[in-house]
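Chain by chain, the residues:
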Amino acid sequence: MGTDEQTILIIDDEPSLRHMLRLVLEKEGYEILEAENGQAAFAMLEQRTPALLLCDIRMPGMSGTEFLREAKSRSIPSTVIMMSAYGTLDTALQCMKEGAYDYISKPFKPDEVLLTIRKAEERLRMAMENKRLKEELSRSKGERKLVYCSPAMKTILGAVERVADSLQPVLITGE
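This write-up is about the structure you can find in this document. Along every chain, residues carry numbers that run from 1 in the direction the sequence is written. Note on the predicted model: pLDDT of at least 70 is required for a residue's local features to be given, and 80 or more for side-chain atom pairs to be given and counted; whole-chain, interface and lining totals, by contrast, use all residues. To obtain the side-chain values, all non-hydrogen atoms of the structure were included, while hydrogens and water were left out.

Here we look at the overall build of the chain
- In DSSP terms, a helix is any run of H or I states spanning at least four residues, a strand is any run of E spanning at least two, and both are numbered starting from the N terminus. Scanning the chain for helices and strands turns up six helices and five strands.
- Starting at the N terminus, the α and β elements of the chain follow one another as β-α-β-α-β-α-β-α-β-α-α.
- Here the globule rule reads 2.2 Å times residues to the power 0.38, and the radius of gyration is calculated from C-alpha atoms. For the chain, the C-alpha radius of gyration of 24 Å lies well beyond 16 Å, the compact-globule estimate for 175 residues.
- The dimensions of the chain, computed from C-alpha atoms along their principal axes, are 75 × 35 × 30 Å.
- At a minimum sequence separation of 6, the contacts of the chain that also span at least 24 residues come to 61%.
- Method for areas: the Shrake-Rupley scheme with a 1.4 Å probe, in which residue coverage is limited to the protein chains shown. Of the roughly 11,400 Å² of accessible surface on the chain, 55% is carried by carbon and sulfur atoms.
- His is not counted here, nor are the chain ends, while Lys and Arg score as positive and Asp and Glu score as negative. For this purpose, a charge sits on NZ of Lys, CZ of Arg, CG of Asp or CD of Glu. Charged side chains in the chain number 24 positive and 28 negative. The centres of these two groups are separated by 6 Å. Pairs of residues are marked as contacts when any of their non-hydrogen atoms sit within 4.5 Å.

Written out as C-alpha cells, the structure reads:
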C-alpha cells in the first residue's frame, strides 16, 4: 500500500497544538488528519496511509514510543516525526533507534516543523527514486545495450561475460 503524499496525520492529545499545526500545514497545501491518541491513529491508518505522522511522545493510554513500536511491527510505511516538550537527547536518540525519522522539541516554531517535514519529504523522494532506479537496473540486466553484427564482436562480448563477475582488472585490446 502506498502513501498519500500530501497527507499528514497529527497524533497529539492537545487539541490546541493539533489546531495550530493544522493551520500552518494546510496553508502549505497539506491535507491534515488528526488523532488524539495512538488507538485513534491506528483506526485512521486502517483507512488511509499518510506520508507523514507527527506524533507526541507523552499521551494518555498508548505513549508515542509505544505507538512507534506498534507502527513498526505493523509495517506502516509512513515516515514518523516525534514531538515532545519533555525531551532530552536520550529521548530523541531512543526514538530514532525505534524507527522515527526525526524528533522536534516543543515548543517549536512553525518553520522548524516545516523544515523537518521538507527534509523527510526529500528523503522519501530519494528513497523512491533509488527504488525506481534499482528496478530499472534489474529489468535491464541481461539485456544487451550494444548493437553489433560482427562475429569478432560476439567473441569479445562472450569473453566479457565470462570475466564480468571477476574482481580482477581486465584489459581487452584489439581493433
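What to know about the nonpolar core
- By size, the foremost hydrophobic cluster in this structure holds 22 residues, and its most contacted members are L9, I11, L53, C55, F67 and M82.
- Those elements giving two or more residues to this core turn out to be β1 (4–11), β2 (31–35), α2 (38–45), β3 (50–56), α3 (64–73), β4 (79–84) and α4 (89–98).
- With four residues, α2 is the single largest residue contributor to this core.
- Apart from residues no more than four positions distant in its own chain, L9 is found in contact with L33, E34, A35, A41, M44, L45, P50, L52, L53 and L54. Within this scheme, the nonpolar core is defined by two criteria: the residues are buried Ala, Val, Leu, Ile, Met, Phe, Trp, Tyr or Cys, and they are joined through side-chain atoms within 4.5 Å. A 1.4 Å probe rolled over the protein chains alone gives each residue an accessible area, and that area as a share of the maximum for its type sets the label: buried under 20%, exposed over 50%, partly exposed in between.

Overview of the sheet that holds β4
- The rule for pairing is simple: two strands pair if DSSP sees at least two bridges between them. Here five strands make up an open sheet; going across it, the order is β2-β1-β3-β4-β5 and the pairing parallel. The two strands at the open ends of the sheet, each matched to only one other strand, are β2 and β5 (102–105). Shown here is a sheet whose adjacent strand axes are inclined to one another by a mean of 20°, direction ignored.
- In terms of strand pairing, β1 meets β3 through five bridges, oriented parallel. Counted as the bridge partner of I10 is L54 from β3.
- To obtain each axis, a line is fitted to C-alpha atoms, and for helices this fit is confined to the stretch in contact; angles are then taken between N-to-C directions over 0 to 180 degrees. Across the sheet, helix α1 (residues 15–27) touches β1, β2, β3 and β4, and the angle it forms with β2 is around 170°.

Re a nonpolar patch on the surface
- On the surface, V160, V163, V170 and I172 cluster together into a nonpolar patch covering about 290 Å² of accessible area.
- Along the chain, V160 falls in helix α6 (residues 151–163). Two distance rules govern patches: like charges are joined within 9 Å, and nonpolar side chains (Val, Leu, Ile, Met, Phe, Trp, Tyr) within 5 Å, applied only to residues with over 30% relative accessible area and no salt bridge. When a carboxyl oxygen of Asp or Glu lies within 4 Å of a side-chain nitrogen of Lys or Arg, that pair is called a salt bridge.

Regarding the packing of α3 against α4
- Their axes nearest at 10 Å, the elements α3 and α4 cross at an angle of 15°. It follows from the interaxial angle that α3 and α4 lie roughly parallel. Both α3 and α4 take part in a crossing whose hand is right-handed. Residue-level contacts link T65, L68, R69 and K72 of α3 to C95, K97 and E98 of α4.
- Residues are grouped as follows: Ala, Val, Leu, Ile, Met, Phe, Trp, Tyr, Cys and Pro are nonpolar; Asp, Glu, Lys and Arg are charged; all remaining types, including Gly, are polar. For the contact of α3 with α4, the residue count by class is two nonpolar, one polar and four charged. Here is the rule for angles: anything less than 35 degrees is roughly parallel, anything more than 145 is roughly antiparallel, 65 through 115 is roughly perpendicular, and the remaining ranges are oblique. Here is the rule for handedness: rotate from the far helix to the near one, and if that takes an anticlockwise turn smaller than a right angle the crossing is left-handed, while a clockwise turn gives right-handed.

Remarks on unusual backbone geometry
- Residue K106 is joined to P107 through a cis peptide bond whose omega torsion reads -5°.
- If you trace the backbone, P107 turns up in the loop between β5 and α5 (110–140).
- Positive phi is not limited to glycine here, since S75 has a value of about 55°.
- Looking at where S75 falls in the secondary structure, it is placed in the loop between α3 and β4.

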